[in-house]
Amino acid sequence: MSSTLERRAVAVGGTLVGEGPAVVIRGRVDLRAYRGQADAYEVLGERATLVEPYSAADLPAIAERADAVVVGSSWTRDIPLVRSAAGLGLPVVVERRPAASLEEWLELADYCAREGDGRVLLCEGGRLDLGLMRAARAVSGRPVLADVSRDAALSAAAVAAGADGLVVDSAERGAAPVSGPVGGPVGGGAKLGTYAGARTAGPSRSGTLEFVGPGSLAEARQELSPATALRAAEEAVTVVGALVRPEAPGTLPECREAIDRVDAALATLLERRAALAGIVQRIKPVGGFAGRDLARERALVARMALRAPSLGEARLAPIMNAVIEAGLHLAEERSAE
């Protein structure tokens, strides 16, 4: 098993995966869905991001037109094809074979690194084992992707577990040109990029980002909507990523994107806090501003200062007072409706 703990990042296309914010990879091209009955150059078009070959015949096209080659979970034991794919000079995405142990997964990744130029990413797909994915990232030091195409509800959990990127389908599922249970959906020409605030996601009807809740994600499971899955993935890398991933931006645009992610997470938390404030006002014997518990509020600020020592109680107190007052005003407005 690899014991290299130094964190390594891999550039896929123009995006660095493994450092900084988590990214969303909008689909991957699975040439196995065509069973060798389509020309790989025609399928890939001018450019594609992640491409899984059906056979060695697909490798020249992948070498010319893909940003990374995928060693798929269904053929990780096809060593000649694995060796050829790893030797293309592209980043290699090694997907875990179902039931493969952590040791087997990392050994295959190390093999691909030796056969190629060392640029290897791990990918957990299918029924995600997030604990194993977290362990793989910690032990190997390699970037880890989570393919959440089959269950968008796991997007937030995958980012929380340490996924450096989420893979989502960019085409309607079930649209493979050859029938039969071979491979996964095909999505050509997908591009890779980080998501920061509303920069890459479309606005909701209200003009702001929508949080994809459990009900929406249940629909995503049934309808397998690429747009819904993409939105869930983008929300996960933004909101959850802002909470769990350390960043050290080096340019002004990168700093602003990082701030946008934190602000998105902050807005989500403030909305949730306001909703809880409305509930507690209905439960308290004395509601509204008359029911404020100043001793509890001071204790709250003191606890928060332990998490934000650079701000301290003096700076946090007016911030929390404004938050509390906003929640109380909202509760009063709603009670009067």
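Draft legend 1. Seen up close, the pairing of strand β7 (residues 92–95). Covered by surrounding structure in β7 are Val92 and Val94 together with Val93 and Glu95, the residues of both alternating faces. Pairing analysis gives three bridges linking strand β6 (residues 66–71) to β7, with the strands arranged parallel. Bridging across to β7, Val70 finds its partner in Val93. The parallel pair β6 and β7, bridged by helix α3 (residues 79–86), forms a crossover whose chirality is right-handed. Relative to strand β8 (residues 120–124), β7 runs parallel, the two sharing four bridges. Its bridge partner being in β8, Val92 is matched across the sheet by Val120.

Draft legend 2. Quick peek at the pattern of salt bridges. In this structure the tally under the stated criterion is 14 salt bridges. The shortest N-O distance in the salt bridge between Arg142 and Asp110 comes to 2.9 Å. Here Arg142, found in the loop between α5 (130–140) and β9 (144–147), pairs with Asp110, found in helix α4 (residues 102–115); they are 32 residues apart in sequence, far enough to count as distant. Each member of the pair, Arg142 as well as Asp110, carries the same accessibility label: buried.

Draft legend 3. Broad picture of empty space enclosed by the protein. Using the criterion set out here, one finds two cavities of 30 Å³ or more in the structure. What the second largest cavity holds in volume is close to 30 Å³.

Draft legend 4. Examining the environment of Cys123 more closely. Along the chain, Cys123 turns up in strand β8. Through-space distance from the C-alpha of Cys123 to that of Ala163 is 9.1 Å; in sequence the pair is 40 residues apart. Once residues lying within four places of it in the same chain are set aside, the contact partners of Cys123 are Val93, Val94, Glu95, Arg96, Trp105, Leu145 and Asp147.

Draft legend 5. Summary view of the pairing of β6. Among the six residues of β6, six are classified as buried, and the element is accordingly described as predominantly covered. Here strand β5 (residues 48–52) pairs with β6 via three bridges, running parallel. Paired with Leu50 across the bridge in β6 is Ala68. Crossover β5 to β6 through helix α2 (residues 59–65) is right-handed.

Draft legend 6. Examining the confidence of the model for the chain more closely. In this model, the chain carries a mean pLDDT of 83, and residues with pLDDT of at least 70 account for 82%. Per-element confidence in the chain is highest for β7, whose mean pLDDT is 98, and lowest for strand β11 (residues 192–194), whose mean pLDDT is 34. For the stretch residues 172–223, pLDDT sits under 50, and the model shows 108 contacts to residues farther than four places along the chain or on other chains.

Conventions we followed
- Residues numbered from 1 in each chain as written.
- Predicted model: local features only at pLDDT ≥ 70, side-chain atom pairs only at ≥ 80, totals over all residues.
- Heavy atoms only, no water.
- Buried < 20%, exposed > 50% of the residue type's maximum accessible area, 1.4 Å probe, protein only.
- Helix = DSSP H or I, 4+ residues; strand = E, 2+ residues; numbered from the N terminus.
- Pairing = 2+ DSSP bridges.
- Right-handed = clockwise from strand over helix to strand, strands pointing away.
- Salt bridge = Lys/Arg side-chain N within 4 Å of Asp/Glu carboxyl O.
- 1 Å grid on protein atoms, 1.4 Å probe; cavity = no way out; pocket = protein on both sides within 12 Å on 5 of 7 lines; lining within 4 Å.
- Points joined across faces, edges and corners; volume = space filled by probe spheres on them.
- Contact = heavy atoms within 4.5 Å.
- pLDDT = per-residue confidence, 0-100.

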